[in-house]
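Chain residues, written in single-letter form:
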Amino acid sequence: MYISEESLKQFTPAFPLEQFAPLEEILFLDIETTGFSPASTQLYLIGLIYYCDGKWVLRQLMAESAAEEKELLLRLSQLTARFSTLVHFNGIRFDINYLMQKAAQYDIDLPLDSLLSIDLYRQISPWRDRLGLTDCRQRTIEEFMGLHRKDPYTGGELIQYYKAYTVNPDDSVRSLLMQHNRDDMKGLLYILPMLAYGDILRHMPVIRKAAMTKTKNHKGELTCELTMELKLQTPVPRPLTLQYDGITLLADGAKLMLLVPVLDTELKYYYPNYKNYYYIPALDAAYHKSVASFAEKEYRVQATAATCYTRRRGYFLKQYSPIVEPYYKADYKDNVTYFEITMDTRENKELFQCYAEHLIKTILKKDKQAPAADDRS
C-alpha cells in the first residue's frame, strides 16, 4: 500500500464549517475505483482531508494491487471512528454506498451511514440553473469558482492507467493517479463557499433597512417600490439574481436586496362572520347589522362570504400567505393577499423582517430546481 500525506498550510475554509460540527470531527472523502459495481470492480484509492493539530491534512491511501483492497478499507475504518461528519461530492449515490458494500464483503465494520453526511453535489445542484451552470460536475463548479485544473483526466479515463500500473508499477503513473484524486480533494475545499446559497434559507438574513421610493417608469407613470436590504450570515461567492411575480432578489457578497412592487390601489377587506352583516348594493360595501339594520329592507341584503367587505384605498404589499393582518384582497376567491403600508408598519422593523423572510422562502421555493442528473468528475 502506498500512503501519501501533506499539510495544507495555506488553506483556510471560505465557509463556516463549524456550523455543522467542530473542525476536528469533519472528514472530507473521495474514492477512486475501477468501475461502479462493488461486486465486480476494485477500490484502489481513498482521499481524505481532516483537521489535525491546527492544520488541514490531505492523506491518500492507494492499493498497489487488488490484494491490498481489504487493508485499504481497514485503514479507513480505523480512521473514521473519530469523526462525526462526512463531506463529499455525490457520495450518497456512489462513494458511501460503494465503500459500505465493499466493507461488507470483507466483514469490516465501516459505519459511514451513521455520520452526518454533507453531500456538496446535492447541496449545489438545486442552484444549477439559477447560477447558469451548464451541468453539475465537480469540475464545472470549480471552474465557476475560478479554479482551473491542470489534470486533464476523468476518473473513468484513469481506470486503464491503474490496471496497467498493477501489472507494471511505474512512479509516473502512480503520480498521475494520485494527482487526480488530490485535485478532487482540493476541489472539495475550493467549492465549499457554494454552500452559502443554501445558507440563505438555513440562516435567514437580517434586515438592515427598508424604504419605499416613487419613480416614473418608461411610460412616465408613477410607480412605487419597496427596497429591503438584508445582511447574509454567509457571503455568497458569486452574485445571484432571481425574479418571481415582479419581485427581484439580489444577493452579492454579504448583502441581499429585495425589490418589491408597491400597489397604489383600492382593495377589499373581508369581514369574518358574514352572517352578522348586511350588504348595501348602492354603497358596494357591507355593514354590521347593528348599523345596517337602520337602512330600509329594500336597500340591504344578507351578506355572503363574497360580499362581506369594505373597500380601502392605500399602498399595499403582496403576500403569498396571510402573515400580516389585517389583509386585503382584490377578489374573494384570490389566494394572494395584501397588507397596507401605514405609518405604523413603516416603523415596524420586526414586521419587515418577517415579510422579507416570507418573500425569500416564497421565491426560493417557487424557483426551486430539481437536482441535475448524476455526473461524476
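Just above, that's the structure.
Residues numbered from 1 in each chain as written. Predicted model: local features only at pLDDT ≥ 70, side-chain atom pairs only at ≥ 80, totals over all residues. Heavy atoms only, no water.

**Q** Please clarify how the packing of aromatic side chains should be interpreted in this entry.
**A** Any two aromatic rings considered together are summarised by their centre-to-centre distance and by the angle between their planes. All chains considered together, the criterion is met by 20 aromatic pairs. Ring geometry for Phe15 against Phe20: centres 6.0 Å apart, planes inclined by 20 degrees, an arrangement best described as stacked. Under the relative-accessibility criterion, Phe15 is labelled buried at 3%. On the accessibility criterion, Phe20 (23% relative accessible area) is partly exposed. Note on Tyr271 and Tyr277: the rings are 4.6 Å apart at their centroids and 10 degrees apart in plane angle, and the pair reads as stacked. Among the residues examined, Tyr271 registers a relative accessible area of 25% and is labelled partly exposed. Clustering of aromatic rings is evident, with ring pairs tying together Tyr269, Tyr271, Tyr277, Phe316 and Tyr328. (Phe/Tyr/Trp six-rings, centres within 6.5 Å; stacked < 30°, edge-to-face > 60°. Buried < 20%, exposed > 50% of the residue type's maximum accessible area, 1.4 Å probe, protein only.)

**Q** In this structure, what is going on with the layout of surface pockets? I would like to understand it.
**A** Its boundaries defined by the atoms lining it, the second largest pocket holds a volume of some 250 Å³. Along the walls of the second largest pocket sit 13 residues, with Leu147, Asp183, Lys186, Leu189 and Tyr190 positioned nearest its centre. (1 Å grid on protein atoms, 1.4 Å probe; cavity = no way out; pocket = protein on both sides within 12 Å on 5 of 7 lines; lining within 4 Å. Points joined across faces, edges and corners; volume = space filled by probe spheres on them.)

**Q** Looking at this structure, how should I read unusual backbone geometry?
**A** Across the chain, the bulk of peptide bonds are trans and the bulk of non-glycine residues have phi less than zero. The step from Glu325 to Pro326 runs through a cis peptide bond, and the omega angle for that step is 0 degrees. By the element assignment, Pro326 lies in the loop between β13 (309–319) and β14 (337–340). Despite not being glycine, Asn273 shows a phi value in the positive range, around 55 degrees. Relative to the helices and strands, Asn273 is located in the loop between β9 (247–270) and β10 (277–280). Given the relative accessible area of 56%, Asn273 is considered exposed. (Helix = DSSP H or I, 4+ residues; strand = E, 2+ residues; numbered from the N terminus.)

**Q** What's the story with the pairing of strand β5 (residues 85–88) in this structure? I'm lost.
**A** A regular strand places its side chains so that they alternate between the two faces of the sheet. Residues Thr85 and Val87 of β5 are buried on one face, and the alternating residues Leu86 and His88, pointing to the opposite face, are buried as well. Of the pairings in the sheet, the one linking strand β2 (residues 26–33) to β5 comprises 3 bridges and is parallel in character. Across the sheet, residue Leu27 finds its bridge partner in β5, namely Leu86. Relative to strand β6 (residues 116–119), β5 runs parallel, the two being bridged by 4 bridges. Bridge pairing in β6 places His88 opposite Asp119. Handedness of the β5-helix α2 (residues 95–105)-β6 crossover: right-handed. (Pairing = 2+ DSSP bridges. Right-handed = clockwise from strand over helix to strand, strands pointing away.)

**Q** In this structure, what is going on with the environment of Asn217? I would like to understand it.
**A** Checked against the element boundaries, Asn217 lands in the loop between β7 (206–216) and β8 (222–244). Take Asn217: its relative accessible area is 25%, and that puts it in the partly exposed class. Spatially, the C-alpha atoms of Asn217 and Asp344 are 28 Å apart, while their sequence positions differ by 127 residues.

**Q** I would appreciate a short explanation of a nonpolar patch on the surface in the present structure.
**A** Judged by side-chain polarity, Leu283, Tyr287 and Val291 come together as a nonpolar surface patch covering roughly 280 Å² of accessible area. When you line up the elements, Val291 lands in helix α9 (residues 289–292). Note on Val291: relative accessible area 52%, which makes it exposed. (Patch = residues over 30% accessible without salt bridge, like charges linked within 9 Å, V, L, I, M, F, W, Y side chains within 5 Å. Areas by Shrake-Rupley, 256 points an atom, 1.4 Å probe, with all protein chains shown as cover. Salt bridge = Lys/Arg side-chain N within 4 Å of Asp/Glu carboxyl O.)

**Q** Teacher, can you tell me more about the sheet that holds β9 here?
**A** One key point about sheets: their strands pair by backbone hydrogen bonds, in either a parallel or an antiparallel sense. Read from one edge of the open sheet, 5 strands run β7-β8-β9-β13-β14, paired in antiparallel fashion. This sheet does not close on itself; its edge strands, each paired only once, are β7 and β14. Between one strand axis and the next, the sheet turns through 40 degrees on average, direction left out of account. Looking at chain direction, β8 and β9 are connected through 14 bridges and run antiparallel. Residue pairing for β9: Val236 is matched across the bridge by Gly253. Sitting on the sheet, helix α8 (residues 195–202) touches β8 and β9, and the angle it makes with β8 is about 125 degrees. The sheet strands contacting helix α11 (residues 349–366) are β7, β8, β9, β13 and β14, and the helix crosses β8 at an angle near 75 degrees. (Axes fitted to C-alpha atoms, helices over the stretch in contact; angles between N-to-C directions. Contact = heavy atoms within 4.5 Å.)

**Q** Just to check I follow, could you spell out the pattern of salt bridges for this structure?
**A** Here the idea is simple: oppositely charged side chains can pair when their charged atoms come close. Going through the model one piece at a time under the given rule, you end up with 20 salt bridges. Across the pair Arg139 and Asp151 runs a salt bridge, and its minimum N-O distance is 3.2 Å. Of this pair, Arg139 sits in helix α5 (residues 138–144) while Asp151 sits in the loop between α5 and α6 (159–167), and the two are 12 residues apart along the sequence. This pair shows no difference in class: Arg139 is buried, exactly as Asp151 is. Notably, a salt bridge pairs Arg208 with Glu229, separated by 3.5 Å at the nearest N-O pair. With Arg208 in strand β7 and Glu229 in strand β8, this residue pair connects regions lying 21 residues apart in the sequence. Using a relative accessible area of 45% as the deciding quantity, one classes Arg208 as partly exposed.

**Q** Before we go on, may I ask you to explain the sheet that holds β6 in this structure?
**A** Ordered by their spatial adjacency, 6 strands build an open sheet running β1-β4-β3-β2-β5-β6, and the pairing between neighbours is mixed. Both edges of this open sheet fall to β1 (2–8) and β6, since each of them pairs with a single strand only. Ignoring which end each strand starts from, the neighbouring axes of this sheet average 20 degrees apart. Docked against the sheet, α2 engages β2, β3 (43–52), β5 and β6, running at close to 75 degrees with respect to β2.

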